[in-house]
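# A closer look at the structure
Below, each chain spelled out in residue letters.
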Amino acid sequence: MLDGWTIIAHRDSFSPGTSDKDVVERCGEEGWALVTCDEMRYTPETMVMMAELSVPLFRVVTKRETHFVEVLATLVKARTNIISTLRKNCTAFVAHIHTGGNVKVMTRYEEPAESLTDAQLKTKRKFGRL
């Protein structure tokens, strides 16, 4: 149910130090979209887990460190656009949410290996794994 959405803070569901991969795995199991302010989508293990479990990731884009209340205000502004984006995309993706409420899908993860960008493939070659 998208219209009756609930925002759950990381600290309410995860212990400090929980890996990005474990967070994504739990989101996939629960059917949650993941909202973050960091660059976790670039972790190879995270990308694979997102693709396998079809976890949508929304990154709140800010120009500086932002207070939690400002992040929530951005999510409220973007609510209609977030729900619309979720309805239009049935596979894993990364979307940016801007403070004005705009949402833009940046990356789609149709299949783990096929959806990697050149930079992501370079990372795979450098570290030898995804």
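Among all positions in helix α2 (residues 20-30), only Val23, Val24 and Cys27 are buried. The arc enclosing the buried residues of α2, seen along the axis, measures out at 95°, which places them on a common side. Along its buried surface, α2 packs onto α1 (10-13), β1 (34-36) and α3 (44-53).

With that settled, the discussion passes to helix α4 (residues 68-88). With 21 residues, α4 extends 28 Å from end C-alpha to end C-alpha; this agrees with the ideal 30 Å at 1.5 Å per step. Bending of α4 peaks at approximately 65° at the position of Ala78. Among the residues making up α4, those that are buried are Val71, Thr74, Leu75, Ala78, Ile82, Ile83, Thr85 and Leu86. Where α4 is buried, its residues meet β1, β2 (56-61), β3 (92-98) and β4 (103-109).

Cut-off values and rules
- Residues numbered from 1 in each chain as written.
- Predicted model: local features only at pLDDT ≥ 70, side-chain atom pairs only at ≥ 80, totals over all residues.
- Heavy atoms only, no water.
- Buried < 20%, exposed > 50% of the residue type's maximum accessible area, 1.4 Å probe, protein only.
- Helix = DSSP H or I, 4+ residues; strand = E, 2+ residues; numbered from the N terminus.
- Arc of directions from axis to C-beta.
- Contact = heavy atoms within 4.5 Å.
- Expected span 1.5 Å × (residues − 1).
- Bend = angle between axes of the 7 residues up to and from the residue.

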